[in-house]
Amino acid sequence: QVQLVESGGGLVQAGGSLRLSCAASGRTFSSVAMGWFRQAPGKEREFVATINYVGNARYYADSVKGRFTISRDNAKNTLYLQMNSLKPEDTAVYYCAAPNRLTTVQTLPARYDYWGQGTQVTVSS
């Protein structure tokens with residue numbers, strides 16, 4: 001059974017940092033791209049960041065560029081999202097996701113086949 005399990009969310013003050021992790025099991029994801037998305041209450045799920053299968057190409061939403069860093073450790077089958085200079089508008093449930101076969105960076109949710117259950121990030125002002 002393929003599983004993506006996020007961790008590292010929590011409550012932080014504005015300007016603070018959090019590091020999210022996404023541990024994959026059931027198959028290896030080292031040959032596919034991966035991504036992070038988020039969904040705030042009453043809003044649609046939105047793209048945050050994506051990384052290609054090797055880890056040498058990344059793409060970010062404008063709203064997080066310069067503050068968030070996506071990375072991966074293929075040996076550990078784990079995806080990360082380092083979030084710095086957090087703002088109240090970053091408050092959301094954060095999801096990691098992976099496509100079945102695509103290797104390049106992907107920004108559209110429809111391109112992803114596997115999703116984690118999400119981890120809550122709350123940034124207080």
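Residues numbered from 1 in each chain as written. Predicted model: local features only at pLDDT ≥ 70, side-chain atom pairs only at ≥ 80, totals over all residues. Heavy atoms only, no water.

## A closer look at the state of the cysteines
In protein chemistry, a disulfide is the covalent bond that joins the sulfur atoms of two cysteines.
Consideration 1: Applying the stated criterion across every chain yields a total of 1 disulfide.
Consideration 2: The partner cysteine of cysteine 22 in its disulfide is cysteine 96, sulfur to sulfur 2.0 Å. The disulfide joining cysteine 22 to cysteine 96 has a torsion of about 50° about its S-S bond and is therefore right-handed. On the criterion of sequence distance, the pair formed by cysteine 22 in strand β3 (residues 18–25) and cysteine 96 in strand β9 (residues 92–98) is long-range, its members being 74 residues apart. The burial state of cysteine 22 is the same as that of cysteine 96; both residues are buried. (Disulfide = S-S within 2.5 Å. Helix = DSSP H or I, 4+ residues; strand = E, 2+ residues; numbered from the N terminus. Buried < 20%, exposed > 50% of the residue type's maximum accessible area, 1.4 Å probe, protein only.)

## With respect to the pairing of β9
Consideration 1: Summarising burial for β9: 6 of the 7 residues are buried, a large majority.
Consideration 2: The sheet contact formed by strand β4 (residues 34–39) and β9 spans 5 bridges and is antiparallel. Paired with arginine 38 across the bridge in β9 is tyrosine 94.
Consideration 3: The sheet contact formed by β9 and strand β11 (residues 119–124) spans 3 bridges and is antiparallel. Bridge pairing links alanine 92 to valine 121 in β11.
Consideration 4: Where β9 meets strand β10 (residues 114–115), 2 bridges bridge the pair, whose relative direction is antiparallel. Its bridge partner lying in β10, alanine 98 is registered against tyrosine 114. (Pairing = 2+ DSSP bridges.)

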